[in-house]
Amino acid sequence: MTSYSRLVERAGPVPDIMIDTATVGQAVVCSIAGMLHTDNERQVRRALDVALGRRPAVLAVDLSGVRLFTSSGVNALLDARQAALAGGIPLVLIAPSASVRRTLAITDTTVFPIYPALRLALHHRGPTAP
């Protein structure tokens, strides 16, 4: 059974960030789209914490729709990774956008397994680090 929940944060009349969480088999997929920055970091952290609280076989974070990814996004992911490690849950990234890849490269954040598609990420069973 697949379940969905949506959290939408708005900055003015246009959505700033959208976070969708779905259960796919034994995995949880957290899809983030829009702009991830200081003003909405708390919502991203909450969504990732809730996803980890479901104790999935793997937490896949889809970042393909992220247009702006700041250090707040890096920090949220690194903290989620620490929580995932503590709980023995692999955390992987799906198809990070150019903005995400650029920020991860600039900050030399290479601790996340990255998959080009959800169907591949769902089979990840190793540790959270490559």
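Computed from a predicted structure; not experimentally measured.

1. Points about the confidence of the model for the protein
Consideration 1: In the predicted model, the protein carries a mean pLDDT of 88, and 85% of its residues have values of at least 70.
Consideration 2: Across the protein, element-level confidence peaks in strand S5 (residues 91-94) with a mean pLDDT of 98 and bottoms out in strand S1 (residues 4-11) with 42.

2. Quick look at the packing of helix H1 (residues 41-53) against helix H2 (residues 71-87)
Consideration 1: The N-to-C vectors of H1 and H2 enclose an angle of 20 degrees; their axes lie 10 Å apart at closest approach. With respect to their mutual orientation, H1 and H2 come out roughly parallel. The way H1 lies across H2 gives a crossing that is right-handed. Judged by residue contacts, Glu41, Val44, Arg45, Leu48 and Leu52 of H1 engage Ser72, Asn75, Ala76, Leu77, Asp79, Ala80, Ala83 and Ala84 from H2.
Consideration 2: The class makeup of the residues in the contact of H1 with H2 is eight nonpolar, two polar and three charged.

3. Side note on H2
Consideration 1: With 17 residues, H2 should reach 24 Å at 1.5 Å per residue; the first-to-last C-alpha distance of 24 Å fits that figure.
Consideration 2: For H2, the set of buried residues is Ser72, Gly73, Val74, Ala76, Leu77, Ala80, Arg81 and Ala84.
Consideration 3: Of the residues flanking the end of H2, it is glycine 88, one or two places downstream, whose phi is positive at about 70 degrees.

The rules behind these values
Residues numbered from 1 in each chain as written. Predicted model: local features only at pLDDT ≥ 70, side-chain atom pairs only at ≥ 80, totals over all residues. Heavy atoms only, no water. pLDDT = per-residue confidence, 0-100. Helix = DSSP H or I, 4+ residues; strand = E, 2+ residues; numbered from the N terminus. Axes fitted to C-alpha atoms, helices over the stretch in contact; angles between N-to-C directions. Parallel < 35°, antiparallel > 145°, perpendicular 65-115°, else oblique. Left-handed = near helix turned anticlockwise from the far one by under 90°. Contact = heavy atoms within 4.5 Å. Nonpolar A, V, L, I, M, F, W, Y, C, P; charged D, E, K, R; others polar. Expected span 1.5 Å × (residues − 1). Buried < 20%, exposed > 50% of the residue type's maximum accessible area, 1.4 Å probe, protein only.

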